[in-house]
Amino acid sequence: MVSAFLNGWGTGGIFQAERLFVSSIIPFFLYSVLINSPGRQRVLMWICIAAALGMVYNGHVQQSSFNGSYGAGIGGSITVGREEMRISYLGFFSDPNDLGMFLVMNMPFVAYFFARGGKLMKLLMLAVIVALGYGVYMTGSRGTLLGTVAVVGIYFLINNAGAKLILFAAFSAPIAATLIASFGGLSSSEASAAGRLDAWYDGIQMLIYNPVFGVGMGNFIDRHGIVAHNSYVHVASELGVLGYSLWGGALVMNMLVGYAILKQFNHYSEDESETEHADETLVEKYREEVLLNKVLFYSMIGFMVTAFFLSRQFTLLLFIFMGMQMASHFRLLKMRPSLLEMFSGKMVWRSMGYSWTVIVAVYITLKVGL
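The rules behind the values
- Residues numbered from 1 in each chain as written.
- Predicted model: local features only at pLDDT ≥ 70, side-chain atom pairs only at ≥ 80, totals over all residues.
- Heavy atoms only, no water.
- Helix = DSSP H or I, 4+ residues; strand = E, 2+ residues; numbered from the N terminus.
- Buried < 20%, exposed > 50% of the residue type's maximum accessible area, 1.4 Å probe, protein only.
- Contact = heavy atoms within 4.5 Å.
- Areas by Shrake-Rupley, 256 points an atom, 1.4 Å probe, with all protein chains shown as cover.
- Axes fitted to C-alpha atoms, helices over the stretch in contact; angles between N-to-C directions.
- Parallel < 35°, antiparallel > 145°, perpendicular 65-115°, else oblique.
- Left-handed = near helix turned anticlockwise from the far one by under 90°.
- Expected span 1.5 Å × (residues − 1).
- Arc of directions from axis to C-beta.
- Phe/Tyr/Trp six-rings, centres within 6.5 Å; stacked < 30°, edge-to-face > 60°.
- Core = buried A, V, L, I, M, F, W, Y, C linked by side-chain atoms within 4.5 Å.
- Patch = residues over 30% accessible without salt bridge, like charges linked within 9 Å, V, L, I, M, F, W, Y side chains within 5 Å.
- Salt bridge = Lys/Arg side-chain N within 4 Å of Asp/Glu carboxyl O.

A. Looking closely at the overall build of the chain. Counting secondary structure elements, the chain contains 13 helices and 2 strands. When the 370 residues of the chain are sorted by exposure, 47% land in the buried category. Counting only contacts in the chain whose residues sit at least 6 apart along the sequence, the fraction spanning at least 24 positions is 75%. Carbon and sulfur atoms provide 66% of the accessible area of the chain, an area that totals close to 18,300 Å².

B. The arrangement of the packing of helix H10 (residues 231-263) against helix H12 (residues 316-335) in detail. At a minimum axis separation of 11 Å, H10 and H12 run at an interaxial angle of 45 degrees. As far as their axial angle goes, H12 and H10 are oblique. Taken as a pair, H10 and H12 cross one another with a handedness that is left-handed. On H12, the residues touching Trp247, Ala250, Leu251, Asn254, Met255, Val257, Gly258 and Ile261 of H10 are Leu318, Met322, Gln325, Met326, His329 and Leu332.

C. How the structure looks around helix H5 (residues 119-139). For H5, with 21 residues, the first-to-last C-alpha span of 31 Å sits near the 30 Å given by 1.5 Å per residue. All of the buried residues in H5 are Met125, Val128, Ala131, Leu132, Gly135, Val136, Met138 and Thr139. Looking straight down H5, one finds that the buried residues subtend no more than 155 degrees of arc, so they occupy a single side. Among the exposed residues of H5, those oriented more than 90 degrees off its buried face are Lys119, Leu123, Val130 and Tyr137. Residues of H5 that are buried make contact with helix H3 (38-64), helix H4 (96-116) and helix H6 (142-160). Gly140 sits one or two positions beyond H5 and adopts a positive phi of about 65 degrees.

D. Geometry of the packing of aromatic side chains. Applying the stated criterion across every chain yields a total of 15 aromatic pairs. An angle of 40 degrees between the planes, with centres 4.4 Å apart, marks the rings of Phe92 and Phe93 as tilted. Aromatic side chains Phe297 and Tyr298 sit 5.3 Å apart centroid to centroid with 85 degrees between the ring planes, which places their arrangement in the edge-to-face category. A relative accessible area of 4% places Phe297 in the buried class. Among the residues examined, Tyr298 registers a relative accessible area of 4% and is labelled buried. Through pairs of rings, three or more aromatic residues link up here, namely Trp200, Tyr232, Tyr244, Trp247, Phe308, Phe309 and Trp356.

E. Here's a closer look at the nonpolar core. Of all hydrophobic cores here, the largest spans 70 residues; its most connected members are Phe109, Tyr232, Tyr244, Met300 and Phe321. If you tally residues by element for this core, the top one is H4, at 11 residues. Excluding anything up to four places from it in sequence, Tyr244 contacts Tyr232, Val235, Ala236, Leu239, Gly249, Ser355, Trp356, Val358 and Ile359. Core analysis: the second largest hydrophobic core is formed by 13 residues, Ile261, Val290, Leu332 and Met342 among them.

F. Structural detail: H3. The end-to-end C-alpha distance of H3 is 39 Å, a good match for the 39 Å that 27 residues give at a rise of 1.5 Å each. When we look at burial in H3, the residues that qualify are Gln41, Leu44, Met45, Cys48, Ile49, Ala52, Met55, Val56, Gly59 and Gln62.

G. View of a nonpolar patch on the surface. Among the surface-exposed residues, Phe21, Val22, Ile25, Ile26, Phe29, Leu30, Val33 and Leu34 lie close enough to one another that they form a single nonpolar patch of about 700 Å² accessible area. As for its position among the elements, Ile26 is in helix H2 (residues 10-34).

H. The environment of Gly216, seen in detail. Relative to the helices and strands, Gly216 is located in the loop between helix H8 (190-209) and helix H9 (220-224). Judged by its relative accessible area of 0%, Gly216 falls in the buried class. Measuring from C-alpha to C-alpha, the distance between Gly216 and Val2 comes to 8.5 Å, with 214 residues separating the pair along the chain. Non-local contacts of Gly216, meaning those with residues more than four positions away in its chain, are made with Ser3, Asn7 and Glu238.

I. Summary view of the packing of H4 against H12. Following both chains from N to C, one finds H4 and H12 inclined at 15 degrees, their axes separated by 11 Å at the closest point. Overall, the two elements H4 and H12 adopt an arrangement that is roughly parallel. In this structure, H4 crosses over H12, and the sense of that crossing is left-handed. Residues Asp98, Met101, Phe102, Met105 and Phe109 of H4 pack against Leu317, Phe321 and Met324 of H12.

Shown next, in the form of structure tokens:
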């Protein structure tokens with residue numbers, strides 16, 4: 001709202017803030033507060049998988065009935081040819097990129113049930129992961145395809161690499177992604193790749209000339225003509241340093257807490273138990289909760305990678321999955337109060353600072369290497 005008022009469109013800022021509150025903040029609050037047990041979390045995971053499979057089936061029907069043309073002319077006698085059919089769905093899944101993002105974010109859920117299940121469950125989950133991969137292919141979204149590869153690659157990196165290598169990968173990833181985009185690796189043509197990079201560069205220029213509050217939410221398209229095709233650049237250009245620090249800081253902080261749980265707090269400490277020896281049931285509950293937290297961490301990795309190539313900064317998917325991840329943090333915090341240190345003021349400021357790594361890396365790569 002403040003950004004919009006300073007850019008001469010106060011009523012637009014009020015409208016945007018109201019829409020953000022209703023479609024994003026309220027769902028985030030409900031998911032983070034009401035998913036107060038692992039059982040509820042698993043039910044939601046099953047619902048997400050079932051929904052994803054329904055969308056893939058619907059997409060298969062779309063492609064099966066596609067005849068290579070669309071858009072009838074006067075009297076239905078004219079059709080316009082098209083080389084490929086990108087599947088979509090309803091509501092906020094009407095864009096193939098949103099649908100692909102949802103499929104990618106469900107893949108860690110499938111891996112969770114595969115790891116916990118018996119032979120029949122493993123076979124079922126193998127079939128599901130193949131179906132989700134087929135769905136990603138049908139969306140034709142190169143960003144979500146990269147997100148799929150990135151989730152698998154980052155999983156093996158975190159499990160096998162040391163802290164220094166992981167840190168180096170985190171800082172170099174935005175640079176590598178920018179270079180991939182510059183060579184047309186995520187676009188069907190060189191012109192499309194150049195347009196994407198132009199949008200990123202213009203977005204950073206908007207930030208430089210309007211550093212504190214940006215150009216106002218919703219104004220990027222008015223100034224550039226198309227979306228930024230990068231959620232991080234889009235937020236920074238529209239909301240400036242203050243807005244991006246809050247949005248990016250919240251995202252990074254959630255991920256830093258998830259990473260700390262995965263690597264540092266993955267075993268229950270008897271020092272925090274009220275009894276001399278931790279109850280086996282409590283230890284098992286903690287282990288199960290850590291596993292759920294790990295799954296949600298990798299789902300959010302899927303979002304963070306695909307969001308680098310898509311302007312999906314305020315999509316409902318982000319706030320639903322962030323809400324589920326925060327709910328897991330809360331449940332672990334009740335079992336292990338020392339985790340509260342991960343939510344300190346120092347961590348908040350650190351997360352805000354880390355979030356700017358993406359913007360700085362993109363800007364340097366565009367200026368120096370391209």
